[in-house]
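# Working through the structure, step by step
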Amino acid sequence: MAGVMIMVLLCLSAGTMLGVQGEDPYLFFTWNVTYGTRSPLGVPQQVILINDQFPGPNINSTSNNNIVLNVFNNLDEPFLLTWSGVQQRKNSWQDGVLGTNCPILPGTNFTYHFQVKDQIGSYIYYPTTGMHRAAGGFGGLRINSRLLIPVPYADPEDDYTVILNDWYTSSHATLRKYLDDGRSLARPTGVLINGKNAKGDGKDEPLFTMKPGKTYKYRICNAGIKNTLNFRIQGHTMKLVEMEGSHVVQNVYEALDVHVGQCFSVLVTANQAPKDYYMVTTTRFNKQILTAKGIIRYTNGKGPASPELPEAPVGWAWSLNQFRSFRWNLTASAARPNPQGSYHYGSINITRTIKLVNSASREGGKLRYALNGVSHVDPETPLKIAEYYGIADKVFKYNTIKDMPSAKIGKVVTQPNVLNQTFRNFVEIIFENHEKSMQSYHLDGYSFFAVAIEPGTWTPEKRKNYNLLDAVSRTTIQVFPKSWAAIFLTFDNAGMWNIRSEMWEKTYLGQQLYVSVLSPELSLRDEYNIPDNALLCGKVKGLPKPKPYTI
Ligand SMILES: *[C@@H]1O[C@H](CO)[C@@H](O)[C@H](O)[C@H]1NC(C)=O
Ligand SMILES: *[C@@H]1O[C@H](CO)[C@@H](O)[C@H](O)[C@H]1NC(C)=O
Ligand SMILES: *[C@@H]1O[C@H](CO)[C@@H](O)[C@H](O)[C@H]1NC(C)=O
Ligand SMILES: *[C@@H]1O[C@H](CO)[C@@H](O)[C@H](O)[C@H]1NC(C)=O
Ligand SMILES: *[C@@H]1O[C@H](CO)[C@@H](O)[C@H](O)[C@H]1NC(C)=O
Ligand SMILES: *[C@@H]1O[C@H](CO)[C@@H](O)[C@H](O)[C@H]1NC(C)=O
């Protein structure tokens, strides 16, 4: 791993800086973020590299590890990374979104410090600034089980990360300019598997190798910005074992729809004739289908992969049915959701229902995307930092939207979008999509129970169709066109947390909001102080840090 410094050591004193137990091991990384030239679709173009890699390096961690990751921004624009799906307990300071962090300015660096918990599973990190995510800077993040926590399957022979993404040959700056000029993005130019697309000319290097008879884990994530991607492997089935930190009932699939921002872990057994096979990904829900393939090679293999690719599913009913087949494994002892060990989410009383309706509009010729009529903009002073310094009233207003928007979204207002949450309340959120396009949402800081997705509009009577028993606890949820999705969660993680569309042009143009979750005690038990190395900008630039919480 060129340029990546990884040291695992017992660090007894530094533990206090995170308020964590001193005996948890530390992983140190130094990341150099630069532009570089790659030709993922055969044409040289500018991409974003981390330590010269595209996609970026994998973070391989084990639950309870402390991660110390120093990011040097050598781009010409401010930059931030987020650790999508990693819960950051008490610590929205490390979330790497513009509502919690000042961006890392060009030519400077910032060190993220966070601890990964018992969220055993597969995740991605990606840039949250501008349209950087369209150009790279993303990669895989694993949280492995500590040896004392059993996982519900035998150790695989090897463990592979498969990053899928849709891809534009235009630079991130060009894409951003389209959006700033009021245009939406056209279809992507292609799709990629780990930054590549096999040519099929017999000269492609394999992405992965398998020994005959052995079983492998593949962690499949969609790091793209727009398209649901279907994933399948010629001649092989996939046994689903984990999804965004939850062990699931181990169904076998021939194809999986990976919506934007989602990750799945599957087991694949090399039980076919020894030769090459293609793994294939194709865009979904568009007339024009984009395809990428990559080679899996049997170690004793003789012969190329067949040019005949397995067929993609058609229509979104297939995808909805697949969602309904996902069930949480209630007996697996690993991977606990929040609140810790709450298996009985179906019997907790809902204290608040929030319906979020996405819309697109043109205000004064400008394209904006909104939730409940508010199109979010990031103030120069990050919301969390303004709140911590006691100057929130100078930067943003709380509760800009109604919990239940009226049927018709009126004029869209562009302003910071922040919702108060009462600490530890159990809340139902409905995402309602009246548009003809696919949606995928992500919530930082939490995992939630994905209890339903249905066509049409939501009414309280629909609750009788919820899965109140074994819905998967996860961190992203898709919403099909003209459909809704419902999630349950307990707001027990204090901080300022981003809820966003994973469709990045929509997020960039305002389809996101923040929930402010403050513990009434303002205590270190519930939330960490601003870190010593926090970057300061906007109205707090140069100001001394407020008196820290001490208890
Ligand atoms: C990062 O990469 C750039 C370009 O290759 C190089 O000039 C710079 O010295 C590197 N910085 C670090 C901290 O490695
Ligand atoms: C990842 O970490 C685990 C646990 O520390 C280790 O067993 C495994 O070899 C590592 N994998 C890679 C690819 O570094
Ligand atoms: C920047 O990197 C240096 C080490 O090169 C480190 O000492 C410093 O803390 C980093 N800055 C931030 C803000 O994390
Ligand atoms: C659930 O996990 C348990 C315990 O690890 C395992 O024995 C069982 O096979 C899993 N059940 C299913 C349906 O996958
Ligand atoms: C939930 O609400 C019902 C009806 O209002 C009430 O009877 C029950 O005690 C509540 N349960 C809990 C756990 O608060
Ligand atoms: C929202 O939270 C802030 C910060 O605690 C508080 O000042 C404000 O009164 C709250 N607003 C509402 C409507 O609850």
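Residues numbered from 1 in each chain as written. Chains lettered and ligands numbered in written order. Predicted model: local features only at pLDDT ≥ 70, side-chain atom pairs only at ≥ 80, totals over all residues. Heavy atoms only, no water.

The protein carries the name Multi-copper oxidase type I family protein in an unreviewed UniProt entry, which gives Populus trichocarpa as its organism. Here is the UniProt Sequence similarities (unreviewed entry) comment for the protein, exactly as written: "Belongs to the multicopper oxidase family." (UniProt positions renumbered as here; feature names shortened; annotations may be inferred.)

The next subject is the site of ligand 3. The environment of ligand 3 is formed by Asn-70, Phe-72, Asn-109, Phe-110, Thr-111 and Asn-533. Asn-109 places a side-chain nitrogen or oxygen 2.3 Å from an oxygen atom of ligand 3. A total of 360 Å² of accessible area belongs to ligand 3 in isolation, and the protein chains cover 51% of it. Elements with a minimum of two residues in the shell around ligand 3: strand 5 (66–73) and strand 7 (109–115). Looking at the shell around ligand 3 element by element, the count peaks at three residues for strand 7. When its residues are assigned to classes, the shell around ligand 3 shows two nonpolar, four polar and no charged. (Near = heavy atom within 4 Å. Polar contact = N/O pair within 3.5 Å; in protein donor to acceptor, adjacent residues only side chain to side chain. Areas by Shrake-Rupley, 256 points an atom, 1.4 Å probe, with all protein chains shown as cover. Helix = DSSP H or I, 4+ residues; strand = E, 2+ residues; numbered from the N terminus. Nonpolar A, V, L, I, M, F, W, Y, C, P; charged D, E, K, R; others polar.)

Turning next to a nonpolar patch on the surface. Together, Tyr-398, Leu-518 and Leu-522 make up a nonpolar patch on the protein surface, roughly 230 Å² of accessible area in all. Within the fold, Leu-518 resides in strand 34 (residues 512–518). Look at Leu-518 and you get partly exposed, because its relative accessible area is 32%. (Patch = residues over 30% accessible without salt bridge, like charges linked within 9 Å, V, L, I, M, F, W, Y side chains within 5 Å. Salt bridge = Lys/Arg side-chain N within 4 Å of Asp/Glu carboxyl O. Buried < 20%, exposed > 50% of the residue type's maximum accessible area, 1.4 Å probe, protein only.)

As a rule of thumb, nonpolar side chains are buried together in soluble globular proteins. In terms of nonpolar packing, the biggest core is built from 45 residues, with Val-162, Tyr-218, Ile-220, Phe-231, Leu-240, Met-279 and Tyr-466 touching the most fellow members. The two domains that each donate at least three residues to this core are domain 2 (159–319) and domain 3 (345–540). Non-local contacts of Val-162, meaning those with residues more than four positions away in its chain, are made with Ile-193, Asn-194, Phe-208, Tyr-218, Arg-219, Ile-220, Cys-221, Phe-231 and Met-279. (Core = buried A, V, L, I, M, F, W, Y, C linked by side-chain atoms within 4.5 Å. Domains from an automatic or database assignment. Contact = heavy atoms within 4.5 Å.)

Before going further, it helps to examine the domain arrangement of the protein. Taken as a whole, the protein is organised into domain 1 (2–144), domain 2 (159–319) and domain 3 (345–540). A separation of 23 Å is found between the C-alpha centroids of domain 1 and domain 2. Contacts between domain 1 and domain 2 engage 29 residues on the former and 36 residues on the latter. Carbon and sulfur atoms supply 62% of the area buried between domain 1 and domain 2, which totals about 2,500 Å² over both sides. On the domain 1 side of the contact with domain 2, Leu-41, Ser-122 and Met-131 bury the most area, a combined 25% of that side's loss. Here domain 1 is connected to domain 2 by two salt bridges. Note that Glu-77 is salt-bridged to Arg-176, the shortest N-O span being 3.0 Å. Where domain 1 packs against domain 2, one counts 15 residue pairs in polar contact (both at pLDDT 80 or more). (Buried area = accessible area lost by both parts, 1.4 Å probe.)

What follows is about helix 1 (residues 172–180). The complete set of buried residues in helix 1 reads His-172, Leu-175 and Leu-179. For helix 1, the buried positions fall inside an angular range of 65 degrees around the axis, keeping them on one side. Remark: Gly-182 follows helix 1 within two positions and exhibits a positive phi of approximately 95 degrees. (Arc of directions from axis to C-beta.)

Another aspect to go through is the site of ligand 1. Around ligand 1, the structure places Asn-32, Thr-34 and Asn-74. Here Asn-32 contributes a side-chain N or O atom positioned 2.3 Å from an oxygen atom of ligand 1. Relative to its unbound accessible surface of 360 Å², ligand 1 loses 31% to contact with the protein.

Right, let's talk about helix 2 (residues 316–325) for a bit. Looking at helix 2, one finds that the buried residues are Ser-319, Leu-320, Gln-322 and Phe-323. Projected onto a plane normal to the axis of helix 2, the buried residues spread over an arc of 160 degrees and lie on a single side. Contacts made by the buried residues of helix 2 are with strand 17 (252–253), strand 18 (256–258), strand 29 (448–455), strand 30 (473–474) and strand 31 (476–479).

Moving on, we come to unusual backbone geometry. Cis peptide bonds are those with omega within 30 degrees of zero, and the linkage from Phe-54 to Pro-55 qualifies with -10 degrees. Relative to the helices and strands, Pro-55 resides in the loop between strand 3 (45–50) and strand 4 (59–62). Here Asn-51, not a glycine, exhibits a phi torsion of approximately 45 degrees, which is positive. Among the secondary structure elements, Asn-51 is positioned in the loop between strand 3 and strand 4. A relative accessible area of 12% means that Asn-51 is categorised as buried. Even without glycine at this site, Gln-88 takes up a positive phi of about 50 degrees. With respect to the helices and strands, Gln-88 occurs in the loop between strand 6 (81–84) and strand 7.

Moving on, we come to the packing of aromatic side chains. Summed over the entire model, instances satisfying the criterion amount to 32 aromatic pairs. Geometrically, the ring pair formed by Phe-29 and Trp-31 is edge-to-face, given 6.4 Å between the ring centres and 70 degrees between the ring planes. Accessibility expressed as a relative area gives 5% for Phe-29, which makes it buried. According to the relative accessible area criterion, Trp-31 is buried, its value standing at 0%. Ring geometry for Tyr-160 against Tyr-218: centres 5.3 Å apart, planes inclined by 55 degrees, an arrangement best described as tilted. Of the two residues, Tyr-160 is situated in strand 10 (residues 159–167) and Tyr-218 in strand 13 (residues 215–222); the sequence distance between them amounts to 58 residues. Among the residues examined, Tyr-218 registers a relative accessible area of 0% and is labelled buried. An aromatic cluster is built from Phe-29, Trp-31, Trp-83, Phe-110, Tyr-112, Phe-114 and Tyr-125, whose rings are joined through pairwise contacts. (Phe/Tyr/Trp six-rings, centres within 6.5 Å; stacked < 30°, edge-to-face > 60°.)

This next bit is on the sheet that holds strand 6. Strand order in the open sheet made by the four strands is 4-9-8-6, with mixed pairing throughout. At either end of the open sheet lies a strand with only one pairing partner, and these are strand 4 and strand 6. Strand-to-strand twist of the sheet, defined as the mean angle between neighbouring strand axes without regard to direction, takes the value 25 degrees. In the sheet, strand 8 (residues 121–127) pairs with strand 9 (residues 139–144) via five bridges, with the strands oriented antiparallel. Each residue of the ladder has a partner; that of Ser-122, found in strand 9, is Arg-142. (Pairing = 2+ DSSP bridges. Axes fitted to C-alpha atoms, helices over the stretch in contact; angles between N-to-C directions.)

This part takes up the sheet that holds strand 34. One open sheet holds the five strands; their spatial order is 26-34-33-28-31, and the pairing between them is mixed. Only two strands of the sheet have a single partner each, and these edge strands are strand 26 (418–422) and strand 31. Across the sheet, the mean angle from the axis of one strand to that of its neighbour is 20 degrees, orientation sign disregarded. Pairing between strand 33 (residues 495–501) and strand 34: six bridges, direction antiparallel.

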